[in-house]
Amino acid sequence: MNNKIALITGANRGLGLEIGRQLGRQGIIVLLGARSLSKAEDAAVQLKAENIEAYPVELDVTDDRHIRAVAAKIKAEYGKLDILVNNAGIFLDHEGNNTDVMRRTFEVNIFGAHALTEALLPLLNASPEGRIVNQSSILGSVATILTNEMYAKAAAPAYTASKAALNAWTAQLSIQLRGTNVKVNACHPGWVKTDLGGKDADMEIHEGAETAVSLATLPSDGPTGGLFHGSETLPW
Ligand SMILES: NC(=O)c1ccc[n+]([C@@H]2O[C@H](COP(=O)([O-])OP(=O)(O)OC[C@H]3O[C@@H](n4cnc5c(N)ncnc54)[C@H](OP(=O)(O)O)[C@@H]3O)[C@@H](O)[C@H]2O)c1
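Report on the accompanying structure. For clarity, every value in this text was computed on a predicted model and none was experimentally measured. (Residues numbered from 1 in each chain as written. Predicted model: local features only at pLDDT ≥ 70, side-chain atom pairs only at ≥ 80, totals over all residues. Heavy atoms only, no water.)

Examining the site of the ligand
The full set close to the ligand counts 29 residues, and R13, R35, K39, Y159 and T194 are the nearest of them. At a separation of 2.5 Å, an oxygen atom of the ligand approaches a polar side-chain atom of K39. Between the ligand and G190, the relevant distance is 3.4 Å, taken from an oxygen atom to a main-chain nitrogen or oxygen of the residue. If the ligand stood free it would expose 900 Å²; the protein chains cover 95% of that surface. Going through the elements one at a time, helix 1 (14-25) and helix 7 (157-176) are the ones with two or more residues in the shell around the ligand. (Near = heavy atom within 4 Å. Polar contact = N/O pair within 3.5 Å; in protein donor to acceptor, adjacent residues only side chain to side chain. Areas by Shrake-Rupley, 256 points an atom, 1.4 Å probe, with all protein chains shown as cover. Helix = DSSP H or I, 4+ residues; strand = E, 2+ residues; numbered from the N terminus.)

Put into structure tokens, the structure is as follows:
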């Protein structure tokens, strides 16, 4: 019996719920974070019906009180955290190209992930093999959007800048964590049929979850400080 503990943010729907399902199927205890407790509870009920050990956690990643409460709960109940998947993310560029959109996007996509990770680092360090996965996007790859017309056309400055910041911070954190048991990587799930990805996307949700799940369960000789899609390393 595996007694690993994983926390996934934005786990009430889309990729986050599926990442919880796929980690749970491996015998990992999954803590499903959602902005409200009722959404988290609904998600946990779904996965428990599939014989997965899933528990709900109230976690709006922009709310410092939620972050403090989650860290205290995990410390008290488990004394460590093996896997953190910073999956919660928003895309607001359809609302316009302005600083308000940029600021609100950054609040979730980078500041939320950063604040939560800071609070949980002592618990990840307490794991024999801590793993952090930052759910990013190919649109955060500056090298890609400058050279690939398909991605250049996405024209989403706030989303793109927030994911590029997430990528840069992932690299920084990997440097900070050198010599520890904790690995951190950024993930591009692909273009996936979720509420965010839309119905025209070319990947099903179960396929889109696979990169994050594989980075969350990397062996001790696995990579750190990279941006990945499947087995492919993407340029920053
Ligand atoms: N789908 C794609 O094609 C694609 C491609 C590249 C990257 N991604 C990334 O993958 C991640 C998951 O996206 P998805 O496609 O599964 O999108 P989704 O179906 O729209 O789900 C987004 C999740 O994030 C949660 N969330 C939003 N703001 C939050 C906050 N402040 N605190 C906590 N949770 C919050 C949402 O909760 P509510 O239900 O409460 O709104 C929801 O659970 C995102 O980071 C996204 O940028 C997706």
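Here we look at empty space enclosed by the protein
The final tally for this structure, using the stated rule, is one cavity of 30 Å³ or more. By volume, the largest cavity is sized at about 70 Å³. Around the largest cavity, the lining residues are T9, V61, N86, N87, A88, V108, N109, G112, A113, Q135, K163 and L166. When residues of the lining of the largest cavity are traced back to their parent elements, those giving at least two are helix 4 (99-125) and helix 7. Looking at the lining of the largest cavity, the element that brings in the most residues is helix 4, giving four residues. Its residues assigned to classes, the lining of the largest cavity shows five nonpolar, six polar and one charged. (1 Å grid on protein atoms, 1.4 Å probe; cavity = no way out; pocket = protein on both sides within 12 Å on 5 of 7 lines; lining within 4 Å. Points joined across faces, edges and corners; volume = space filled by probe spheres on them. Nonpolar A, V, L, I, M, F, W, Y, C, P; charged D, E, K, R; others polar.)

Thoughts on the nonpolar core
Proteins that are soluble and globular tend to have nonpolar side chains buried together. By size, the foremost hydrophobic cluster in this structure holds 29 residues, and its most contacted members are L7, L81, L120 and I132. The set of elements that each furnish at least two residues to this core consists of strand 1 (5-8), strand 2 (29-34), helix 3 (64-77), helix 4 and helix 7. The dominant element in this core, judged by the number of residues it contributes, is helix 4, at nine residues. Not counting residues up to four positions away in its chain, the partners in contact with L81 are I5, A6, L7, I74, L120, L123, L124 and S127. Residues A11, L17, V192 and M203 belong to the second largest nonpolar core, which totals 28 residues. (Core = buried A, V, L, I, M, F, W, Y, C linked by side-chain atoms within 4.5 Å. Buried < 20%, exposed > 50% of the residue type's maximum accessible area, 1.4 Å probe, protein only. Contact = heavy atoms within 4.5 Å.)

Some details on the layout of surface pockets
Computed from the structure, the largest pocket encloses a volume of approximately 1200 Å³. Contributions of two or more residues to the lining of the largest pocket are made by helix 1, helix 4, helix 6 (149-152) and helix 7. Considered class by class, the residues forming the lining of the largest pocket number 21 nonpolar, 15 polar and ten charged.

Looking at helix 7
An ideal rise of 1.5 Å per residue puts 28 Å on 20 residues; helix 7 measures up with 28 Å between its terminal C-alpha atoms. Listed in full, the buried residues belonging to helix 7 are A158, Y159, T160, S162, K163, L166, N167, W169, T170, L173 and S174. Where the residues of helix 7 are buried, they touch strand 4 (83-86), helix 4, strand 5 (131-135), helix 5 (142-147), strand 6 (183-187) and strand 7 (227-229). (Expected span 1.5 Å × (residues − 1).)

Remarks on the packing of aromatic side chains
Summed over the entire model, instances satisfying the criterion amount to two aromatic pairs. Ring geometry for F91 and Y159: centres 4.9 Å apart, planes at 50°, overall tilted. Taken together, the residues F91 in the loop between strand 4 and helix 4 and Y159 in helix 7 connect sequence positions 68 residues apart. Given the relative accessible area of 8%, Y159 is considered buried. (Phe/Tyr/Trp six-rings, centres within 6.5 Å; stacked < 30°, edge-to-face > 60°.)

Some details on the sheet that holds strand 3 (residues 54-58)
Strand order in the open sheet made by the eight strands is 3-2-1-4-5-6-7-8, with mixed pairing throughout. Of all strands in the sheet, those with a lone pairing partner are strand 3 and strand 8 (232-233), marking the two edges. Relative to strand 2, strand 1 runs parallel, the two being bridged by four bridges. Among the inter-strand pairings, A6 is bridged to a residue of strand 2, identified as V30. Lying over the sheet, helix 3 contacts strand 1, strand 2 and strand 3, oriented at roughly 145° with respect to strand 3. In the packing of helix 4 onto the sheet, the strands contacted are strand 1, strand 4 and strand 5, and the crossing angle to strand 4 comes to about 175°. (Pairing = 2+ DSSP bridges. Axes fitted to C-alpha atoms, helices over the stretch in contact; angles between N-to-C directions.)

Points about the pairing of strand 4
Of the two faces of strand 4, the one lined by I83 and V85 and the one lined by L84 and N86 are each fully buried. As judged from the three bridges shared by strand 1 and strand 4, these two strands associate in the parallel manner. Within the sheet, the bridge partner assigned to A6 lies in strand 4 and is I83. Alignment of strand 4 against strand 5, held across four bridges, turns out to be parallel. Directly across from V85, in strand 5, lies its bridge partner V133. Each parallel crossover has a hand, and for strand 4 linked through helix 4 to strand 5 it is right-handed. (Right-handed = clockwise from strand over helix to strand, strands pointing away.)

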